[in-house]
Amino acid sequence: MLRFCRIRSISSVAFAFFFLLCGCSIKNREVTSSQPEMVDKLQVRWKPDFSYAYAPDQIDLSSKAIFGTAGDLLQWQKIPLQRLRVQAAEIQRDLRVRFASRQTRRNDLATVVNDTYIVESAKLSSPLTYTISRWTPRQNGLAGPVIVAFDGHGDCGGECTGKPPERMFQRDGFGRHLVQRGWTVIGVPTAIHKPLSKFNAKHDFPLIWAALAMLVLKQADISSSSPHDVIYVGNAIGGLTAAAASIIDSRTLATVTNGAFFPLDFTRHHYRIKDHALCHDMREFASYVPFYALLYPLPLMIQVGEEDGLWMGHGPVKSSDWFSGLPRGATSDETVGAALLLQRLWTRSGKDFSLAVHPGGHEELDASRADQFLKPLVSGLTTHHVPPR
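To keep things clear, this report deals only with the structure shown in the data block. (Residues numbered from 1 in each chain as written. Predicted model: local features only at pLDDT ≥ 70, side-chain atom pairs only at ≥ 80, totals over all residues. Heavy atoms only, no water.)

Brief notes about the overall build of the protein chain
Counting secondary structure elements, the protein chain contains 12 helices and 9 strands. For the protein chain, the proportion of its 389 residues judged to be buried stands at 52%. Summarising the internal contacts of the protein chain: among those between residues at least 6 apart in sequence, 71% fall at separations of at least 24. As displayed, the protein chain offers around 18,400 Å² of accessible surface, 54% of which is attributable to carbon and sulfur atoms. (Helix = DSSP H or I, 4+ residues; strand = E, 2+ residues; numbered from the N terminus. Buried < 20%, exposed > 50% of the residue type's maximum accessible area, 1.4 Å probe, protein only. Contact = heavy atoms within 4.5 Å. Areas by Shrake-Rupley, 256 points an atom, 1.4 Å probe, with all protein chains shown as cover.)

Observations concerning the nonpolar core
The biggest cluster of nonpolar side chains holds 73 residues, and the ones touching the most others in it are Leu 61, Val 188, Leu 196, Tyr 288, Phe 291, Tyr 292 and Leu 342. Among the elements that make up this core, the one with the highest residue count is helix α7 (residues 205–220) (12 residues). In this structure Phe 291 touches Leu 240, Ala 243, Ala 244, Ile 247, Met 282 and Phe 285, once residues within four positions along its chain are discounted. Val 185, Leu 253, Leu 365 and Val 378 belong to the second-largest nonpolar core, a separate cluster that totals 26 residues. (Core = buried A, V, L, I, M, F, W, Y, C linked by side-chain atoms within 4.5 Å.)

Brief notes about the side chain of Gln 92
Structurally, Gln 92 is set in helix α4 (residues 70–95). Take Gln 92: its relative accessible area is 16%, and that puts it in the buried class. In terms of polar contacts, Gln 92 uses its side chain to reach the backbone carbonyl oxygen of Ala 211, at 3.0 Å. Residues contacting Gln 92, with those up to four places away along its chain left out, are Ala 211, Met 214 and Leu 215. (Polar contact = N/O pair within 3.5 Å; in protein donor to acceptor, adjacent residues only side chain to side chain.)

A word on unusual backbone geometry
Put simply, Tyr 296 and Pro 297 share a cis peptide bond, and its omega is 5°. Within the secondary structure layout, Pro 297 lies in the loop between α10 (288–293) and β8 (300–305). One non-glycine residue, Ala 191, lies in the positive phi region at around 55°. With respect to the helices, strands and loops of the structure, Ala 191 is situated in the loop between β5 (185–188) and α6 (197–200). Unlike most non-glycine residues, Ala 236 shows phi in positive territory, near 60°.

Examining the pairing of strand β6 (residues 230–235)
Extensive coverage of β6 is indicated by the burial of 6 of its 6 residues. Every second residue of β6 is oriented toward a common face, with Val 230, Tyr 232 and Gly 234 on one face and Ile 231, Val 233 and Asn 235 on the other, all of them buried. Examined bridge by bridge, strand β4 (residues 146–150) and β6 share 5 bridges and lie parallel to one another. Of the residues in β6, the one forming a bridge with Phe 150 is Gly 234. In this structure, β6 lies alongside strand β7 (residues 252–258), joined through 6 bridges in parallel fashion. Opposite Val 230, over in β7, you have Thr 252 as the bridge partner. Handedness of the β6-helix α8 (residues 237–248)-β7 crossover: right-handed. (Pairing = 2+ DSSP bridges. Right-handed = clockwise from strand over helix to strand, strands pointing away.)

Structural notes on the pattern of salt bridges
Overall, the coordinates contain 10 salt bridges when judged by the stated rule. Arg 369 is paired through a salt bridge with Asp 366; the nearest N and O atoms lie 3.3 Å apart. We classify Arg 369 as partly exposed; its relative accessible area is 29%. Where salt bridges share partners, they join Asp 151, Arg 167 and Glu 363 into one cluster. (Salt bridge = Lys/Arg side-chain N within 4 Å of Asp/Glu carboxyl O.)

Quick look at helix α11 (residues 333–347)
Its 15 residues place the ends of α11 21 Å apart at the C-alpha level, agreeing with the 21 Å of an ideal helix rising 1.5 Å per residue. Looking at the packing, one finds that the buried side of α11 touches α3 (63–67), α4, α10, β8 and β9 (353–358). (Expected span 1.5 Å × (residues − 1).)

Written out as C-alpha cells, the structure reads:
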C-alpha cells in the first residue's frame, strides 16, 4: 500500500511538472471566451480576433412592430434606419480619398454564340484596385432598373482584392442567367477584408462593402440615374451586402438574397471563417430578423438552399469544409420561425415577400426564381411604385 501511494505521489508530481513545462505554450494557444476555438485542425492554426464589443442595446423588433399595424413597423424603423445611414455616410467619407482616380475601359464581347452582350468595366484605384463590370444584353433587354449583384467568398477563395466578379458571369453563373433573361447586371466585388480591416473595428463588413459599392458606382457613372432604378441581388455574404445596400440606398426597388439568412446568435458562437473575421456578423442586431425588417415595404425574396450548411444544416463533411463542426440537424428551426415572422410583417400589408427553398447549396443563387419574382415588379412600375425610404 505504501509503495502504491508513493508511486501515485511520484506520478502526480511528474504530471504537475510536465504541465508547468508546457504551460507557456498552452497559454499561448489558448482561445478566450470571446474567441471560440476553431473546429478543425486547419482552423486552429489561425488566431483571429473576435473580441467584438457587442452593445447591450442591440437592435431588435418591438412587440408593437410585430403585432401592431404596418404603421407601427414603419415607426419602429426610423431610429435603426437613421443609425445605419449615418454609419454608411461616415464610411464613405473615410473611403472617398482611397478611390479618387478612375480609369474606364469598355469592351464589346460576344461570349456565347447567338447571345451577345455589351460589357463595360470601370477600374478605380488609389490605393486599392476595385473593378466593377456591367453586362447589358444587346437584344431583348428590359427597360427600367438595373440589377447590382454581389457574390460570395467562393468567387475568390475567401479573400478578394477588389477584382471584378467572375463566377457570377460564367456560363452557369447567376449573373449570366439574369442577363440572358434581359436584365442589365452590374457585378460589384465583395469579401475585401484585409485592406478594409481598420474600418471593421467599428463597422460590420456588409455595411462597409455596401457603402463602398454605392460610392464606386457613383464615381464610375455606369449605373442608371433615375430615383428608383436599383435592384440589389446577393449571394451568401453578397446577400448580406445586398440587404445592407438596400437599407441605406433610397433608390432601391427590390432585394433578392441567397444563403444570407440563418440564426445569427448561433453562428456567432459556432461558425468562423478560417482566414478572416466573422464577416457575416451584424454586431448592432440581436438577430437577422430586425436587420431584414428594415427593408420593409420593399419587395423581398430570401432564397435558401436545402444543402446550405448555415441555413438548413447537412450531413458530415470534410474537416476542411467551411461548415465543418457546426452542430446542426436536418433543419434550423430558429431560421424557419424567423422567416415566418418576416412573412407576417410583409403579407399583412399586402407587400411582396417570398421565401424560396431551392435544392442548391450555400452559394447557389437560383436566377430563375429571382427572375420570376422580379419581372412582375418591373412590369407594374407605372401602377405600383415603391415610395422613397
